Amino acid sequence: MAFFIITIIKALLIVFVFITVVAYLVWVERKVIAHVQVRMGPSRVGPHGLLQPLADLVKLITKEGVLPPHVNTVFYLLAPLLAVFMSLISISVIPFGTQITIGPYTTSMQLTDLNIGILLILAVSSLGVYGIALGGWSSNNKYALLGGLRSSAQMISYELPMSLAIVSPLLIVGTLSLRQIANAQAGYNFGFLPKWTAISGPFPQIFAFIIFMIAAFAETNRIPFDLPEAENELVAGFHVEYSSMAFAAFSTAEYANMITVCCVATLLFLGGWHPLWPAAYGSDFLAPLIFFVTGAVCVYHGINPARPFDRYTLPVFGLLFFGLAGLMSVPFLVPVLMPLFWFLAKVGFLLFVFIWIRATLPRLRYDQLMGFAWKFLFPAALLNLLITGFLVALTS
Amino acid sequence: MDLAFFIVFATIAVISAVNVVLQRHPIASALSLVGVMGAIALLYLQLGAEFLAMAQIIVYAGAVMVLFIFVIMLLNAGAEVRRGRSWTAQLLGIPALAVFTGLICWYFQRGFGNAGEVKFGGFTGGSAQGVGYALFTDYLLPFEVTSVLILVAIVGAIVLARKEMD
């Protein structure tokens, strides 16, 4: 009985946090891109535009959901549901950290630890293409159809190098459970170099990591591979006929997929929640230090405000960061919070790379996209797998 | 519990399979086929063949059926027009179905009549390690022959496509 209650609590918590993070990822993306382009970004709703996701949500809910008369109604309504379901399922097998013990109950920071976790993520992400393809087709619109076609062709093509890139670290760690994959990368070479598969093992998987990330961009339909929704040629691609919450479902699915892919890359290549350098050299003190410095910067700018409202908002943020720094340095919380901090820091860094590239690179042409997948990425992934397999067989 | 899950997923599989034939639009038929694949994968999962279940979803539901739907979308095939059945189909359809069902029942009764009840968790050889070990020890020859067969199919497809192009 305790198991069921704990699982329900964990499920609710994970769904709530995940949806919130998805909503705020949009804010982060707009803010980061704005700063890359020397703009302010959202700044009207709440301090520094922090309530913008809430405003967007209210706007999307209160808008009229238009059902165009020329669509295939069943599939038109089914497609966003499929897309959002498939993107939310995969988070259930992602481990975020080690164990938590509250009173007599011990539970791991993960909804469920399947021994085929990585396969489940692959299966669910390969089903996610139905949402986009069906949405494009059932809209009965030439732009939407082209977007749907492009997206299914692109996802099938990039799934190949992605799967091959996933297989090579799996050969090294020798398990399919995501928790065991992360645990296999604990420890340090020469006392300080982490045993992450990206930089250690018989053959460093740095190429597999790069191939995985490139394919992940295509799988999540992000710039420079966002051909399915290329706005200068296809208006908005597969979701051109969608409005209101159906449109929100597609964009939720895209951002949720982005987070999942970054979690998988962290677990497979970047050692999950294991810190960059050993705790003996003080990796536990990094998190309080970062939060303390951030808090101090906030307080300083609150005292010398650039804009009138900063006098009131920034000290509050400063206090929040000081609180986090204090929380991170409480001794009995460190074993729980440090893995979580390192995991979230790596995922956050990869998400930042996603946004950074969106602000930097132009979109590819369609034939370039396909040629790149089949003529370069696929052979490169195959070669990497061959070398890895050979070296693993030699050293084991 | 096992029986309840089995009945749920088996019913979904059968209904989807019938729906593949009954639907008039090719996309609806293809999606029903995805439903069949998914339900069968869940039945595999229930039997303890977890790797096979996921491979079923990745390969059939995630790759093969996506290609089917891709082709249907590309050709923009509309709903098929119902024509009247031929007199042989009208006359022999139901008797032939009855005979086939009877044959299958008879075969299972003969072959597996005294088999025990299947228990959830009774079979544990379905992990990735188990399947890989079986493939590369007991079933190495069929495995390699299958891969050669697939290679032949790819080469054949390319030859046919090139003839079209020239």
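Given the structure is predicted, the values throughout are model-derived calculations rather than measurements.

The subject of this paragraph is the overall build of chain B. Tallying secondary structure elements over chain B gives six helices and zero strands in all. Reading the helices (α) and strands (β) of chain B from amino to carboxyl end gives α-α-α-α-α-α. Relative to the compact-globule value of 15 Å for 166 residues, chain B shows a C-alpha radius of gyration of 20 Å, a clear excess of over 25%. Once the C-alpha set of chain B is aligned to its principal axes, its extents read approximately 50 × 45 × 30 Å.

With that settled, the discussion passes to the pairing of strand β1 (residues 99-102) of chain A. Residue and element names in this part refer to chain A. Taken together, the four bridges between β1 and strand β2 (residues 105-108) define a ladder with antiparallel strand orientation. Directly across from Gln99, in β2, lies its bridge partner Ser108. What sits between the antiparallel neighbours β1 and β2 is a turn of two residues, in which Gly103 has the positive phi angle 60°.

Counting residues at the interface gives 18 residues for chain A, matched by 17 residues for chain B. The element that contributes the greatest number of residues to the side of chain A that touches chain B is helix α4 (residues 117-138) of chain A, accounting for nine residues.

Quick look at the nonpolar core now. If you look at the biggest cluster of nonpolar residues, it comprises 126 residues, and the most contacted ones within it are Phe212, Ala215 and Ala265 of chain A together with Met54 of chain B. The greatest single-element share of this core, amounting to 17 residues, is contributed by helix α9 (residues 244-269) of chain A. Dropping the residues within four chain positions of it, Ala215 of chain A is found in contact with Tyr158, Pro161, Met162, Ala165 and Leu377 of chain A.

Now for the confidence of the model for chain A. Summing up the model confidence of chain A, the mean pLDDT is 85 and the portion of residues at 70 or higher is 100%. Across chain A, element-level confidence peaks in helix α7 (residues 206-219) of chain A with a mean pLDDT of 90 and bottoms out in helix α8 (residues 231-234) of chain A with 74.

Moving on: the environment of Val293 of chain A. Among the structural elements, Val293 of chain A can be located in helix α10 (residues 286-303). For the pair Val293 of chain A and Ser177 of chain A, spaced 116 residues apart in sequence, the C-alpha separation works out to 37 Å.

Within the secondary structure, Leu170 of chain A sits in helix α5 (residues 142-173). On the basis of neighbour counts, which here come to 19 C-beta atoms within 10 Å, the residue Leu170 of chain A falls in the partly exposed class.

Another aspect to go through is α4 of chain A. Taking 1.5 Å of rise per residue, 22 residues should cover 32 Å, and α4 of chain A covers 32 Å from first to last C-alpha, within 8% of that figure. Burial within α4 of chain A is extensive, with 22 of its 22 residues counted as buried.

Conventions adopted
- Residues numbered from 1 in each chain as written.
- Chains lettered and ligands numbered in written order.
- Predicted model: local features only at pLDDT ≥ 70, side-chain atom pairs only at ≥ 80, totals over all residues.
- Helix = DSSP H or I, 4+ residues; strand = E, 2+ residues; numbered from the N terminus.
- Rg over C-alpha atoms; globule rule 2.2 N^0.38 Å.
- Pairing = 2+ DSSP bridges.
- Contact = placed C-beta atoms within 7 Å.
- Core = buried A, V, L, I, M, F, W, Y, C linked by C-beta atoms within 7 Å.
- Buried ≥ 20, exposed ≤ 12 C-beta atoms within 10 Å, placed from the backbone.
- pLDDT = per-residue confidence, 0-100.
- Expected span 1.5 Å × (residues − 1).

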